[in-house]
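# Summary of the model geometry
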There are 2 protein chains.
Amino acid sequence: MANIQEVAKEAGVSVATVSRVMNGGAVTPKTKGKVEEVIRRLKYEPSMLGRNLRNSESRLLLVLIPTISNPYYSDIINGIENAVIPQGYNILLCETDSNPERENIYFDMVRKKMADGIISMDPTVNMEELKILAEDHPIIQCSEYSVESGIPFVTIDNEEAAYRAVSHLVNIGSTDIAMINSDVTFLYARQRQLGYQRALEENGIPFDEEDVYYTNGPSFEHGQQAMRKMLTGHKEYSAVFAVSDLLAIGALKEAHQLGLRVPEDIAIAGFDKIAFSNMTNPALTTIAQPMYDMGTTSAQMLIDKINGRPVESTMMSHELIIRESTIG
Amino acid sequence: MANIQEVAKEAGVSVATVSRVMNGGAVTPKTKGKVEEVIRRLKYEPSMLGRNLRNSESRLLLVLIPTISNPYYSDIINGIENAVIPQGYNILLCETDSNPERENIYFDMVRKKMADGIISMDPTVNMEELKILAEDHPIIQCSEYSVESGIPFVTIDNEEAAYRAVSHLVNIGSTDIAMINSDVTFLYARQRQLGYQRALEENGIPFDEEDVYYTNGPSFEHGQQAMRKMLTGHKEYSAVFAVSDLLAIGALKEAHQLGLRVPEDIAIAGFDKIAFSNMTNPALTTIAQPMYDMGTTSAQMLIDKINGRPVESTMMSHELIIRESTIG
DNA sequence: ATGAAAGCGCTAACAC
DNA sequence: GTGTTAGCGCTTTCAT
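Only a predicted model underlies this, so the values are computations on that prediction, with no experimental measurement involved.

Calculation notes
Residues numbered from 1 in each chain as written. Chains lettered and ligands numbered in written order. Predicted model: local features only at pLDDT ≥ 70, side-chain atom pairs only at ≥ 80, totals over all residues. Heavy atoms only, no water. Helix = DSSP H or I, 4+ residues; strand = E, 2+ residues; numbered from the N terminus. Rg over C-alpha atoms; globule rule 2.2 N^0.38 Å. Buried < 20%, exposed > 50% of the residue type's maximum accessible area, 1.4 Å probe, protein only. Areas by Shrake-Rupley, 256 points an atom, 1.4 Å probe, with all protein chains shown as cover. Lys, Arg positive; Asp, Glu negative; His and termini not counted. Charge placed at Lys NZ, Arg CZ, Asp CG, Glu CD. Contact = heavy atoms within 4.5 Å. Buried area = accessible area lost by both parts, 1.4 Å probe. Salt bridge = Lys/Arg side-chain N within 4 Å of Asp/Glu carboxyl O. Near = heavy atom within 4 Å. Polar contact = N/O pair within 3.5 Å; in protein donor to acceptor, adjacent residues only side chain to side chain. Nonpolar A, V, L, I, M, F, W, Y, C, P; charged D, E, K, R; others polar. Domains from an automatic or database assignment. UniProt positions renumbered as here; feature names shortened; annotations may be inferred. Pairing = 2+ DSSP bridges. Axes fitted to C-alpha atoms, helices over the stretch in contact; angles between N-to-C directions.

This next bit is on the overall build of chain A. Each helix and strand counted, chain A has 12 helices and 12 strands in total. Here the C-alpha atoms of chain A give a radius of gyration of 25 Å, more than 25% beyond the 20 Å that 2.2 N^0.38 yields for 328 residues. Dimensions along the principal axes, computed over C-alpha positions, put chain A at roughly 85 × 40 × 30 Å. For chain A, with 328 residues in total, the buried portion stands at 56%. With an accessible surface of roughly 13,800 Å², chain A has 48% of that area assigned to carbon and sulfur atoms. Charged side chains in chain A number 29 positive and 44 negative. The centres of these two groups are separated by 14 Å.

This is the structure:
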């Protein structure tokens, strides 16, 4: 628990020299060796607190997500971590629970210099506040974003991806295709619905607003509810496009519960390719987003921004993964 | 971006007074009002960097987990967060990836005072290092632990829980009960195997080491592999007890893939009651650990430890959740 | 009740 | 190449 002063004194040098040894400044091999010996002997660990104050940086990056229990974020976070750690940063995973108070705690952390910047992946984020914060602090949006905010973002072409997924459902012979969508206040929900609509119309299937089943949330249970409503309704469907895997997995479970076979009686496609989409029976057809790369990219963008380098929004590629839930 | 000096100057008081206003020291209502007005006007946000250095604390707590993608940890982390945030702390979720280097980065953070303490939930943690670190720094073990380390822990009675799960399998009429276990270098794996063994023996079923199928890891795929090996072997089983839900879900998928019906042909029980254990078809019988409470408890223990208060290890309760995978 | 001043541990500009 | 010194922004005695 020694500090830099004690090391300097013990080694018979100045604190500046010790600092230089620590940070690779110009020092004689001889003094360097001597100082290093003392550091080892005294088990000296430089305090980041002093360094942080001096450099007025915390080397901490906030990653805002609505909840940690949504596996959607796992790989993105992995990508972020692997990108920032080699550059001497660490991330603070912030669960907002879509709660403005929680969110404010985290915004405060960057205002109070406990964090150097933010990667926001929270679709429920208070965009007004985020925008204001972005005036004075480095912020990047990942996955969910607002163009008008002027804050740089990383995303995929949601409309095109949904278009491909639904086109696939048409290609396997479905004509009555329902959609399970979350709240259209979210940009991705609107974009994916547009893709659904375009795929139908280009194939001569009229779009009907009644075929879209909206949920009150993003979770498994919401998917179940939507599916129950759909299957107990007056219309029959041969395929369902769900706006996320979690919703699709809920729908799948409910279909089974109501005695339907997937994909024979009804095909189901999801979106995101979360790890669990492969664990269900049948495995889920879905859209793969380049999660990991989205993570590394947004991380690098944030660090660039922190260092005053110019940053451009990025559109990443996606891929349709065809699995058992849409083809026998 | 004003600092305390500017506020003091603008308000015509000393920095000490500003500090008192911020921290609830004794100040005349009149000066207090004046200072607060200036704070608002200058949009002053006190830097935690200065405060942290001065108080030599970071108010940051590390939570060590092997990987964020294992849903097992979600609820525990939730509990931790809700316990620490009201007390002015924040947590840094640390994915070690069971990589000693990664781990060391995080250990370094507490050595370098960037974090005030650690809650370790990583079964692969380097116990030697952790023990040494615990001599100088507050550390709590949650879920996975070593008694010999002398580091306080929070856990459930794994042996008893496994005993109950396997007893349940016996009660529904199974006599040929296999176990899917992970690596017995982990304490929980050893304890749960003991429970499995005791349940068999108390019911007059001889324990056979060959009925235990060991995996090379904790994931879904490892569960699949174990199940494949089991079902393509020479022995037939009517029930399987998996040491975790993730392994059980893998086993379930593989059973389906090989044309077996669950629970009719083979019953499957898991352990942990992760969110997904309810999303499979059939839903999984499992052991519920009081995740959230384990989180809050270990968090409070850590904060107590940081504040020099005495801390006792805690054994928490568990519950057998019987669902479709073991009863038609 | 308020102010002056010391100091938390570190880095970097400047001088030698 | 090395030492001296001035802060980074804050809290907390110690005076008054």
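This paragraph deals with the interface of chain A and chain B. Each side of the interface is counted separately: chain A has 54 residues, and chain B has 54 residues. Carbon and sulfur atoms make up 62% of the surface buried where chain A meets chain B, a total of about 4,700 Å² over both sides. Of all residues in chain A, Leu49, Lys112 and Phe276 of chain A give up the largest surface area on contact with chain B, accounting jointly for 14% of the area buried on that side. With its nearest N and O atoms 3.8 Å apart, the salt bridge here joins Lys253 of chain A to Glu324 of chain B. It is helix α6 (residues 100-111) of chain A that provides the largest number of residues to the side of chain A that touches chain B, a total of 6 residues.

Turning next to the protein's contact with DNA strand D. Around DNA strand D, a shell composed of 25 residues is seen, among which Arg20 and Thr28 of chain A together with Ile4, Tyr44 and Arg54 of chain B lie nearest. Backbone atoms, meaning sugar and phosphate, make up 57% of the atoms of DNA strand D lying within 4 Å of the protein. The contact in question runs from a phosphate oxygen of DNA strand D to an N or O atom on the side chain of Ser19 of chain B, over 2.8 Å. At a separation of 2.5 Å, a phosphate oxygen of DNA strand D approaches a polar side-chain atom of Tyr44 of chain B. Only α2 (15-23) and α4 (48-55) of chain A together with α2 (15-23) and α4 (48-55) of chain B provide two or more residues apiece to the surface near DNA strand D. Here the residues of the surface near DNA strand D are counted per class, giving 9 nonpolar, 11 polar and 5 charged.

It is worth spelling out the environment of Gly217 of chain A at this point. Residues and elements named next belong to chain A. One can find Gly217 in the loop between β7 (212-214) and α10 (220-231). A residue is classified by how much of its surface remains accessible, and Gly217, at 11% relative accessible area, is buried. In the structure, Gly217 is positioned 30 residues away from Leu247 in sequence and 9.1 Å away in space, judged by C-alpha atoms. Residues contacting Gly217, with those up to four places away along its chain left out, are His222 and Leu247.

Along the polypeptide, Pro282 of chain A turns up in the loop between β9 (267-269) and β10 (286-288). A relative accessible area of 7% means that Pro282 of chain A is categorised as buried. Sequence separation of Pro282 of chain A and Ser325 of chain A is 43 residues, and the distance between their C-alpha atoms is 5.4 Å. Residues in contact with Pro282 of chain A, not counting those within four places in the same chain, are Leu252, His256, Val262, Glu324 and Ser325 of chain A together with Lys253 of chain B.

Next up on the list: the domain arrangement of chain A. Entries for chain A in the domain assignment read domain 1 (4-46), domain 2 (57-156 + 291-317) and domain 3 (158-290). Taken over C-alpha atoms, the centre of domain 1 of chain A sits 37 Å from the centre of domain 2 of chain A.

By nearness alone, 25 residues border DNA strand C, and Ile4, Tyr44 and Arg54 of chain A together with Arg20 and Thr28 of chain B come closest of all. Near the protein, meaning within 4 Å, the atoms of DNA strand C are sugar or phosphate in a fraction of 61%, with bases accounting for the rest. Here a phosphate oxygen of DNA strand C and a side-chain polar atom of Asn3 of chain A are 3.4 Å apart. A distance of 3.1 Å separates a phosphate oxygen of DNA strand C from a polar side-chain atom of Asn23 of chain A.

In this structure's numbering, the residues bearing the UniProt feature "domain: HTH lacI-type" (unreviewed entry) are residues 2-55 of chain A. The span residues 2-55 of chain A carries 72% helix and 0% strand; its end-to-end C-alpha distance comes to 21 Å.

A few words on the sheet that holds β7 of chain A. Residue and element names in this part refer to chain A. The parallel open sheet is built from 4 strands, whose spatial order is β7-β6-β8-β9. On the outer flanks of this sheet lie β7 and β9, each paired with one strand and no other. Averaged over all neighbouring strand pairs, the angle between strand axes comes to 20 degrees, with direction disregarded. Relative to β7, strand β6 (residues 177-181) runs parallel, the two being bridged by 3 bridges. From the neighbouring strand, Asn181 faces β7, where its bridge partner is Tyr214. Sheet strands in contact with α10 are β6, β7, β8 (239-242) and β9, and its direction is about 145 degrees off that of β6. The sheet contacts of helix α11 (residues 245-257) involve β6, β8 and β9, and relative to β9 the element is tilted by about 160 degrees.

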